[in-house]
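The primary structure of each chain is shown beneath.
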Amino acid sequence: MEELLKINIIYEDNHLLVVEKPVNIPVCEDISGDMDLLSILKNYLKVKYNKPGNVYLGLVHRLDRPVGGVMVFAKTSKAASRLSEQVRKNLFEKTYYAVVENKVKKYDTLEDYLKKNNKKNITYVTDKNNGKYACLDYYLISFKSGFSLVKINIHTGRSHQIRVQFSSRGFPLIGDAKYNSNSDKKTNIALFAKILSFYHPISREKMTFELELPKRYPFNLF
């Protein structure tokens, strides 16, 4: 259970489990074979409630492996179905903070068509006929030392969307090994899922969870 010491449980009830995903842990099992967040949390529930056999925990949205921040999991199939429906209807409100190279505009909306190469696990900008629509808007919080701290509201959930849309415009994320040629292996990607809002799958109450920004570089510059 050593892995549980790394997981910040933000909220839990009979239907939901809201946690802070650590950086560099995959959300679910992948080809790396490394311990994943979903398995860690299932083990947490199994031990906490002394449950025999397999434990149900529904995955309704994802974060890239190098990205940390707030995530919600469903503890029942009904909750999973209703949360997944909210995701499909874009009722999940996801706010990220990122640090990018160079100075961006004060505010902008980025729209592209993106396509993923699954073999290489890389997403790139293409045209309307070959890609899926991707949209986000951002607000410049601060500019220091050649870096911009931006607040991002994402409206579509494309793979690597934030990373590709900023990089393609000359504003790659600090520490992004895939899309920033200036990145180094010592710096984690400067992208953090700070705020998550959705409607409770049973009570329908709107719930919002917010985390403090990481104290690590380069967020600590601001």
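Check the entry above for the structure.
What counts and what doesn't
Chains are numbered independently. Their residues run from 1 in the order of the written sequence. Reporting in this predicted model follows two pLDDT cut-offs: at least 70 for local features of residues, and 80 or more for side-chain atom pairs to be given and counted; totals over whole chains, interfaces and linings ignore these cut-offs and use all residues. The basis for the side-chain values is all heavy atoms of the structure; hydrogens and waters are excluded. Numbering goes from the N terminus for both helices and strands, where a helix is a DSSP run of H or I of at least four residues and a strand is a run of E of at least two. Here's how the labels work: a residue is buried when its accessible area is under 20% of the maximum for its type, exposed when over 50%, partly exposed in between, all with a 1.4 Å probe on protein chains only. At least two bridges found by DSSP between two strands is the condition for calling them paired. Here a salt bridge means any side-chain nitrogen of Lys or Arg lying within 4 Å of a carboxyl oxygen belonging to Asp or Glu.

(A) View of unusual backbone geometry. In this model, Tyr217 is joined to Pro218 through a cis peptide bond whose omega is 0°. Mapped onto the fold, Pro218 is located in the segment after strand S11 (206–210). The phi dihedral of Asn24 is positive, around 65°, even though this residue is not glycine. Topologically, Asn24 is positioned in the loop between strand S2 (16–21) and helix H1 (37–48).

(B) Spatial organisation of the pairing of S2. Burial analysis of S2 places five of its six residues in the buried class, which makes it a mostly covered element. Of the strand pairs in this sheet, strand S1 (residues 8–12) and S2 are connected by four bridges, and their pairing is antiparallel. When the sheet's bridge partners are listed, Glu12 is paired in S2 with Leu17. Note that S2 and strand S4 (residues 68–74) share six bridges and pair antiparallel.

(C) Spatial organisation of the pattern of salt bridges. Applying the stated criterion across every chain yields a total of 10 salt bridges. Residue Lys89 is joined to Glu85 by a salt bridge in which the shortest nitrogen-to-oxygen separation is 3.0 Å. By relative accessible area, Lys89 is classed as exposed at 52%. Note that Lys215 and Glu212 form a salt bridge whose closest N and O atoms lie 3.5 Å from each other. A relative accessible area of 62% places Glu212 in the exposed class.

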